[in-house]
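# Close look at the chain arrangement
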2 protein chains.
Amino acid sequence: MNIKTILGGITAPKGFLASGIYCGLKKNKEMKDLALIYSETPCSASGVFTSNMVKGAPIYISKEHLSNKKAQAVIINSGNANTCNGDDGLGKAKRMTISTAKALNIATEDVLVASTGVIGVPLNIDIIESHIPALAKGLSKEGSSNASSAIMTTDTFKKELAIEITIAGKTVTLGSMSKGSGMIEPNMCTMLAFVTTDINISSELLEEALTKTAKVSYNRVSVDGDTSTNDTLLILANGLAENPIIDTKNDDYYTFVEALEYLNVYLAKKIAQDGEGATKLIECKILGATSEENALLLSKSVINSPLVKTAIFGCDANWGRILCALGYAKVDFNPEKVNVYFESHAGSILVCENGSSVNFNEDIALTILKEKEILIKVELSMGDYEVSTWGCDLSYDYVKINGDYRS
Amino acid sequence: MNIKTILGGITAPKGFLASGIYCGLKKNKEMKDLALIYSETPCSASGVFTSNMVKGAPIYISKEHLSNKKAQAVIINSGNANTCNGDDGLGKAKRMTISTAKALNIATEDVLVASTGVIGVPLNIDIIESHIPALAKGLSKEGSSNASSAIMTTDTFKKELAIEITIAGKTVTLGSMSKGSGMIEPNMCTMLAFVTTDINISSELLEEALTKTAKVSYNRVSVDGDTSTNDTLLILANGLAENPIIDTKNDDYYTFVEALEYLNVYLAKKIAQDGEGATKLIECKILGATSEENALLLSKSVINSPLVKTAIFGCDANWGRILCALGYAKVDFNPEKVNVYFESHAGSILVCENGSSVNFNEDIALTILKEKEILIKVELSMGDYEVSTWGCDLSYDYVKINGDYRS
């Protein structure tokens, strides 16, 4: 399939507009903290939400509004997660959708909502409501950059992508923006991601495509093993590409799934790369597993290990910590068949063969590990399944960002 | 029950001797790296070992030698974990027991073995074997201090305790030494613990008491969530206290279990307190859970959360991160019934009531969190079960110790 990267982010697909402004939730007035995504026509819509038992108030409202699988706008604030605020929080999340619906002259149920930032602090709904008319007025084709700025917390760069594919002779566009594990005030990290597309697809298949691709992208990223209360991935599809509607799993459907997976994996990796304090993007690829589930458990165990993460930070070819992390993943495998490689743009080196040390060149290993993107490749030599997960190293800055308030 | 703390560590019980010397495995000649524990008479013996799929060679040998539930000596080295060395490692672990048995004139099967240190590097068995005669010759009642020094890696203090109890009118003594999450060379952390006692008990009930108390002590400690390849807890009981043999679960048995739990919890907490880079000991107590298993999962989720650990390092009363960690423990509970307190020697403060913020005094919270031992108390208000786990904060020094090789 031919996937073409284009400019335009979240507003690249036909009929989508966006805006982003500062309303006063963040202390720094140079930042933006309120974003709006809007489709000129109604959309099929779907969402994937955090598995955390403690959920932010916006999650409940968005889920309720998605029950008819339709939506037309998404309102997002940073600077306050509106979580652990009881009924007051639920009421305020609802009010965000009511005010947005009024400004856009659409139904409240067609507005979704997401929040990220400090938890357990009452949301200042008044300043949000007073800024929503200006936010709606600012909607434009050029608004994607402002919108993606407004959802950032301690992200160090904006995360946007737009791609084009061809389906049944029609150009179909997908746009996306996301934010990663950042902190605003000393509190909570949250992953938010939004996808817009002009593809014509049934809401059932849209949901299936989103769930399927979320599993192999956002659900395979880990910055510190913590699952936020507010994690949200939303998709809106307005059909303006005018391809014949996709309502069965035909070739067009699989083309769309492939493109959506490409988009989601790209942005998921950006989140790992921009993890708090991260200096390196780490991929752990497990090869030769007896099942996908086992491969995933093993890969996640390695990518989450603090000892592996600090070793990569220190450019140390410490394969022993990788074997140790594989060993406590509670998955059956034969340690004596395991091979481990470190790879990067600088090259590839085998450091452990059949579970034991090989006499590798430490200078070459160091050169490989000094790169910014590191692949840990593990061959289990047991089956045919392979899985990658993505994470980042653990640096002094992770501790600084998350722990250095009082010292 | 009256538990009396006494001097003497691992050699406090009747009939036990110990020694510790430098044989050359560690680079620093000021350190010790080879330890021996010996009972003048045969012992009932039992062990609890790592659940990691990748196990150190000594684990296989000790398990084999424990099959008859008897032992008389334990040989331990630091500086090399003898792990991921294939058959060569197994052969060398066996040779450690053979040489020790020869020097002590006992059966090879009565010698247990444990190793801690770098993994994937061949063990220098020759220097160990050449030093075993001197090690055996050095056995003495005063040897506990040298032995506990010789098992240290990056531990910053020795971990020893001896206690006395009375059973059926006889004085029964338990001694113990342990080492925690330390690193020797840039590699592996391992928990080792050894208990000696002169109690007269059947090997079956000794095993049951050890397994039961390990679950509520060492298995409730976490420094960084990583489970080592070499974790080992061993107990030897020689019967010289001459109490009537304990071979049914009578009052004497439960008295012993209580004393053993006290000893194991004490040393397990010392390991958490001395975690790599740790500045604070953290206890997370879950109250009001619907089952012990749920309480344990929730408590471990909090104690392992990097965001909670960095918050405590920063003396930040960030209860939101605690609710978040409870929420991803994959346990059913009602977030709207959760109360959270921070406690220390300086006082106690309620920071979250019924899942929402309370307007607490931040200065008082800071005073409480500046202490060295912090209790996070979580009330679920759902059932009658409670569980504590112990861990430590996550500091710059954790990253320095584990990641700062090349920078």
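Residue positions are given per chain, counting from 1 as you read along its sequence in written order. Numbering of ligands from 1 and lettering of chains from A proceed in the order in which they are written. Local features in a predicted model are, by the rule used here, given only for residues with pLDDT of at least 70; side-chain atom pairs are given and counted only at 80 or more, and totals for whole chains, interfaces and linings are based on all residues. No hydrogens and no water enter the side-chain calculation; it runs on all heavy atoms of the structure.

Looking at an unreviewed UniProt entry, chain A carries the name Arginine biosynthesis bifunctional protein ArgJ, with the source organism given as Clostridium vincentii. Under the Subcellular location (unreviewed entry) heading, UniProt states for chain A: "Cytoplasm". UniProt positions are given in the numbering used here, feature names are shortened, and annotations may be inferred rather than shown by experiment.

Before going further, it helps to examine the domain arrangement of chain A. Residues and elements named next belong to chain A. Residue ranges assigned to the domains are those given by an automatic or database domain assignment. When its domains are assigned, chain A resolves into domain 1 (4-273) and domain 2 (281-403). The C-alpha-based centres of domain 1 and domain 2 are spaced at 32 Å. By definition, residues are in contact when any of their heavy atoms lie within 4.5 Å. Taken together, the contact between domain 1 and domain 2 spans 14 residues of the former and 16 residues of the latter. Carbon and sulfur atoms make up 56% of the area that domain 1 and domain 2 hide from each other, which totals about 1300 Å². Only one rule defines a salt bridge in this text: a Lys or Arg side-chain nitrogen within 4 Å of an Asp or Glu carboxyl oxygen. The tally of links from domain 1 across to domain 2 stands at one salt bridge. Accessible surface is computed with a 1.4 Å probe, and the buried area is the amount of it that two parts give up when combined, taken over both parts together.

Look at A:Cys315: it is not a glycine, yet its phi comes out positive at around 55°. Along the polypeptide, A:Cys315 turns up in the loop between α8 (306-313) and α9 (319-327). Every helix listed is a DSSP run of H or I at least four residues long, and every strand listed is a run of E at least two residues long, numbered separately from the N terminus.

All right, on to the environment of A:Pro58 then. Residue and element names in this part refer to chain A. Tracing the backbone shows Pro58 in helix α1 (residues 57-65). Remark: the alpha-carbon pair of Pro58 and Thr116, spanning 58 residues in sequence, is separated by 9.7 Å. Every residue in contact with Pro58, bar those within four places of it in the chain, is listed here: Ala81, Asn82, Ala93, Val113, Ala114, Ser115 and Asn230.

This next bit is on the confidence of the model for chain A. Regions with low pLDDT should not have their predicted coordinates read in detail. Averaged over every residue, the pLDDT of chain A is 92; the share at 70 or more is 96%. Per residue, pLDDT measures the predictor's confidence, with a range of 0 to 100. Low pLDDT, under 50, characterises residues 183-188 of chain A; the predicted model gives this stretch 34 contacts beyond four residues in sequence or across chains.

Axis lines are fitted through C-alpha atoms, for helices just across the contact stretch, and the angle between N-to-C directions can take any value from 0 to 180 degrees. With their axes 8 Å apart at the nearest point, helix α11 (residues 396-403) of chain A and helix α8 (residues 306-313) of chain B run at an angle of 70° to one another. The orientation of α11(A) relative to α8(B) falls into the category roughly perpendicular. Here the hand of the crossing between α11(A) and α8(B) comes out right-handed. Taking contact as the criterion, the partners of A:Tyr398, A:Val399, A:Asn402 and A:Gly403 in α11(A) are, on α8(B), B:Pro306, B:Leu307, B:Thr310, B:Ala311 and B:Phe313. Oblique is the label for any angle not under 35 degrees, not over 145, and not in the 65 to 115 range, which are roughly parallel, roughly antiparallel and roughly perpendicular in turn. The crossing is said to be left-handed when, going from far helix to near helix, the turn is anticlockwise and less than a right angle, and right-handed when the turn is clockwise.

Using a 1.4 Å probe on the protein chains alone, a residue whose accessible area is under 20% of its type maximum counts as buried, one over 50% counts as exposed, and one in between counts as partly exposed. Among the residues of α11(A), A:Tyr398, A:Val399, A:Asn402 and A:Gly403 are the ones counted as buried. The buried residues of α11(A) occupy an angular sector of 95° when the element is viewed end-on, so they sit on one face. Contacts from the buried residues of α11(A) go to α8, α9 (319-327) and α11 (396-403) of chain B. Polar contacts, as used here, are pairs of N or O atoms within 3.5 Å; protein pairs need one atom able to donate a hydrogen and one able to accept it. Residues neighboring in sequence count only if both atoms are side-chain atoms. For α11(A), the capping residue at the N-terminal end is A:Ser395, with a side-chain oxygen 3.1 Å from the backbone nitrogen of A:Asp397. Working note: the arc is built from the helix axis to C-beta atom directions.

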